[in-house]
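Chain by chain, the residues run as shown.
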Amino acid sequence: MIGSPGRNRMEKLDKKLDQLERDGVLLIEGALSPEETARIRDRIFYARAQGWEEGLNTVGNMWFDTLLDREPDIYGPIVGHPSVAPILFAMMGKQCQLRSYRAHINPGPYLQEWHMDFYGYWNEKRNAARHRLAITPSSINTTFYFQDNEPGQGHLKFIKNGHLSEPPYLHPKIEHAKFEVWCGEQEHVILYPKAGDAVVFLSHIPHQGAKEDDNMERCNVVCHYQTCPMYEGVWYVSSPRPFKGSFPFHKMETVEAN
């Protein structure tokens, strides 16, 4: 018997969720349409021409933290974008809150340090265990790419199963140099996202982006989401500040899978 379209979509979504929990990372091909990809890519480079960047760090990463505020009509649609919304909603529900929004350009040589977006995950897990009602905070990264990252050009690298146990050299004090060496020695998962693709991953998995071709154009937009129990609409005596408007799913009962 042929399953219903809705059932087939849910089965596909369940497979994606299983993969995200198992591997800590998920590649969503064609997350943005070609038109969306071209429009946002053009505006990111426009932002650079306007001098809106916050800086350019020593590993070759130029970052922009104000683009969502400056051009909400351009950048707002990426927040809870339909290509990732079913995954975010299935993982976090209405408690899914946008934590930060950042665009990047890598104008020249780029080799990111091995790092975790959510360094404090394992510390928070330890701390939560000491309390009766505390929960362990969790966070998900969605990164949208605007150029093809082909082998020999650029990639995104993860520690295989790096989300399942605490890496060494982080507690009780971070030893960055030893952590970098350890990450380099582990088994890796390497992705080559193309223009319009999105990578969804648990924010505490160690990862590293890189350009293999220094002349390659490379830019992306990163949305970090956190699980927050007090989503908008919870019956409370005061209005949330400063997070009003940052819960993309607070009015939804379901989000349809594609």
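Located above this text is the structure these notes cover.
The shown structure was predicted, so the numbers you read here are calculated from the model rather than taken from an experiment.

Cut-offs applied
- Residues numbered from 1 in each chain as written.
- Predicted model: local features only at pLDDT ≥ 70, side-chain atom pairs only at ≥ 80, totals over all residues.
- Heavy atoms only, no water.
- Pairing = 2+ DSSP bridges.
- Helix = DSSP H or I, 4+ residues; strand = E, 2+ residues; numbered from the N terminus.
- Axes fitted to C-alpha atoms, helices over the stretch in contact; angles between N-to-C directions.
- 1 Å grid on protein atoms, 1.4 Å probe; cavity = no way out; pocket = protein on both sides within 12 Å on 5 of 7 lines; lining within 4 Å.
- Points joined across faces, edges and corners; volume = space filled by probe spheres on them.
- Nonpolar A, V, L, I, M, F, W, Y, C, P; charged D, E, K, R; others polar.
- Polar contact = N/O pair within 3.5 Å; in protein donor to acceptor, adjacent residues only side chain to side chain.
- Contact = heavy atoms within 4.5 Å.
- Buried < 20%, exposed > 50% of the residue type's maximum accessible area, 1.4 Å probe, protein only.

### A look at the sheet that holds strand 9 (residues 207-211)
Here three strands make up an open sheet; going across it, the order is 7-6-9 and the pairing antiparallel. The open sheet has two edge strands, strand 7 (188-191) and strand 9, and neither has a second partner. Across the sheet, the mean angle separating the axes of adjacent strands is 20° when strand polarity is ignored.

### Regarding the layout of surface pockets
Estimated volume of the largest pocket: approximately 480 Å³. Residue lining of the largest pocket: 26 residues in total, with Asn61, His104, Gln112, His115 and Asp117 positioned closest to the centre. Of all the secondary structure elements, the ones that give two or more residues to the lining of the largest pocket are strand 4 (96-105), strand 5 (139-145), strand 9 and strand 10 (219-227). In terms of residue class, the lining of the largest pocket is made up of eight nonpolar, 13 polar and five charged.

### A word on the side chain of Asn141
On the secondary structure map, Asn141 appears in strand 5. In terms of polar contacts, Asn141 uses its side chain to reach the side chain of Asp117, at 2.9 Å. Setting aside chain neighbours within four positions, we find Asn141 in contact with Asp117, Val199, Val200, Phe201, Ser203, Val222, Cys223 and His224.

### Regarding the sheet that holds strand 10
Taking strand neighbours across the sheet as the criterion, the seven strands line up as 1-8-5-10-4-3-2 in an open arrangement whose pairing is antiparallel. Strands at the two margins of the open sheet, each flanked by one partner only, are strand 1 (25-28) and strand 2 (55-56). Across nine bridges, the pairing between strand 4 and strand 10 is antiparallel. The residue bridging Cys96 from the neighbouring strand is Thr227, located in strand 10. Against the sheet, helix 2 (residues 34-49) contacts strand 3 (62-64), strand 4, strand 5 and strand 10, and its axis sits at roughly 100° relative to strand 10. Contacting strand 1, strand 4, strand 5, strand 8 (198-202) and strand 10, helix 5 (residues 85-92) runs over the sheet at an angle of about 175° to strand 5.

### A word on the environment of Ala128
Residue position: Ala128 is located in helix 6 (residues 121-128). When its relative accessible area of 9% is taken as the criterion, Ala128 is described as buried. Setting aside anything within four residues of it in sequence, one finds Ala128 in contact with Ala134, Ile135 and Thr136.

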